[in-house]
Amino acid sequence: MKRLQLAFVLLLALTSCTKKAETPQGDASSQAKSELVVGTDAAYAPFESESADKTVHGFDIDVIKAVAEKSGLKIRVINTPWEGLFSQLQSGDRDILISAITINDERKKVMDFSEPYFEAVQLIALPATSKITKFDDLKNSKIGVQTGTTGDEVASRLLGKANANIKRFEGTPLALEELENGGVDAVVADNGVVNNFLANNPKTFKTISDPSFSKEHYGIAVKKGNAELLKKINDGLAAIKADGTYDRIFKTYFGEKK
Ligand code: ARG
């Protein structure tokens, strides 16, 4: 019995030693955490895209970099698929999301948003020869959308969420490519991205807007309850709006403000 007790004490002493030895490592990793990880689905030009050398760039990236600089935040941007993007905030794998994310009530339940930094609206992309003149005409058509986006939402509202005529893609470029290939009759997506795509395919596509689509606002997202980080982001946003940095970035990607 005594021996067993001794062995137990020894074991305890040993484990506490091991724990001590681990402490500096633990500190190192929490220090590395001072670099905040930004997630973005970088297949969404001109907001975010990835170049051949794997660097991520675009309007959103310039905005978050400028915000981070103003607020003294160190950031690293990581290309992250749209599907699962939101849950990365929950798991702590991403600290910030900037990905042309429309602020809406459903998303507000699971994450916190900054003040709006960009206004958008859904736009319908069609083959130049299409007879469609309004969104309602698409009731019996195949509509391509990016899964879980606001484009998916409006299409689901018109056709019904479970309708097989809604073709859901991992990325908006894939949906637009499918339109090029004739696999879908229309694509519904954010105006900025559709217009950017069109600029590169001017002959094959046209767009129509629909008055039933409401204005959307993009926000920068943080984990629900992370008020400290959200405040820094909002302060940074306000600062780049006040000193002309935001306008300069806007002009780079979209020309003069309307
Ligand atoms: N604004 C739309 C939404 O929030 C689409 C965003 C898609 N963004 C992206 N980087 N793929 O649902």
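Everything here concerns the structure above.
Below: a short report on this structure.

Thresholds applied
Residues numbered from 1 in each chain as written. Predicted model: local features only at pLDDT ≥ 70, side-chain atom pairs only at ≥ 80, totals over all residues. Heavy atoms only, no water. Pairing = 2+ DSSP bridges. Helix = DSSP H or I, 4+ residues; strand = E, 2+ residues; numbered from the N terminus. Buried < 20%, exposed > 50% of the residue type's maximum accessible area, 1.4 Å probe, protein only. 1 Å grid on protein atoms, 1.4 Å probe; cavity = no way out; pocket = protein on both sides within 12 Å on 5 of 7 lines; lining within 4 Å. Points joined across faces, edges and corners; volume = space filled by probe spheres on them. Nonpolar A, V, L, I, M, F, W, Y, C, P; charged D, E, K, R; others polar. Axes fitted to C-alpha atoms, helices over the stretch in contact; angles between N-to-C directions. Contact = heavy atoms within 4.5 Å. Near = heavy atom within 4 Å. Polar contact = N/O pair within 3.5 Å; in protein donor to acceptor, adjacent residues only side chain to side chain. Areas by Shrake-Rupley, 256 points an atom, 1.4 Å probe, with all protein chains shown as cover. Sits in = over half its atoms within 2 Å of the grid points.

## Here we look at the sheet that holds strand β2 (residues 43-44)
- Here we have three strands laid out as an open sheet, ordered β2-β3-β4, and antiparallel in their pairing. Each end of this open sheet is capped by a strand with a single partner; those strands are β2 and β4 (56-57).
- As defined by bridge partners, β2 adjoins strand β3 (residues 48-50) across two bridges and the pair is classed as antiparallel. Opposite A43, over in β3, you have S49 as the bridge partner.

## Things to note about unusual backbone geometry
- The peptide bond linking A45 to P46 adopts the cis configuration, its omega dihedral lying at 5 degrees.
- In this model, A100 sits at a positive phi of 55 degrees, which is unusual for a non-glycine residue.
- On the secondary structure map, A100 appears in the loop between β6 (96-97) and α4 (105-108).
- Overall, the relative accessible area of 5% leaves A100 in the buried class.

## Digging into empty space enclosed by the protein
- Tallied over the entire structure, the rule returns one cavity of 30 Å³ or more.
- Lining the largest cavity are 13 residues, and of these Y44, W82, S99, A100 and T149 lie nearest its centre.
- Taken together, the residues of the lining of the largest cavity sort by class into four nonpolar, five polar and four charged.

## Comments concerning the sheet that holds strand β12 (residues 186-190)
- Spatially, the five strands line up as an open sheet ordered β11-β10-β12-β9-β13, and their pairing is mixed. Edge positions in the sheet fall to β11 (166-169) and β13 (205-208), since each has one partner strand and no second. Shown here is a sheet whose adjacent strand axes are inclined to one another by a mean of 30 degrees, direction ignored.
- Bridge count between strand β10 (residues 143-146) and β12: two bridges; the pairing is parallel. When the bridges of β12 are listed, G144 appears paired with V187.
- Helix α6 (residues 172-181) rests against β9 (122-127), β10, β11, β12 and β13 of the sheet, and its axis sits at about 155 degrees to β12.

## Concerning the site of the ligand
- Not every one of the 14 residues close to the ligand is listed here, only the nearest: D41, S99, A100, R107 and D190.
- With respect to the ligand, the side chain of E48 contributes an N or O atom lying 3.0 Å from a nitrogen atom.
- Residue T150 places a main-chain N or O atom 2.8 Å away from an oxygen atom belonging to the ligand.
- Protein burial of the ligand: of its 350 Å² of free accessible surface, 100% is covered by the chains.
- Here the ligand is seated within the largest cavity.
- Residues that form the shell around the ligand fall into these classes: five nonpolar, five polar and four charged.

## Some words on the side chain of Q122
- On the secondary structure map, Q122 appears in strand β9.
- On the basis of relative accessible area, Q122 is assigned to the buried category, the value being 1%.
- Side-chain polar atoms of Q122 contact the side chain of T150, separated by 3.0 Å.
- Separated by 3.0 Å, the side chains of Q122 and E216 make a polar contact.
- In this view, Q122 contacts T150, G151, V154, V188, A189, D190, F213 and E216; residues no more than four positions away in its chain are not counted.

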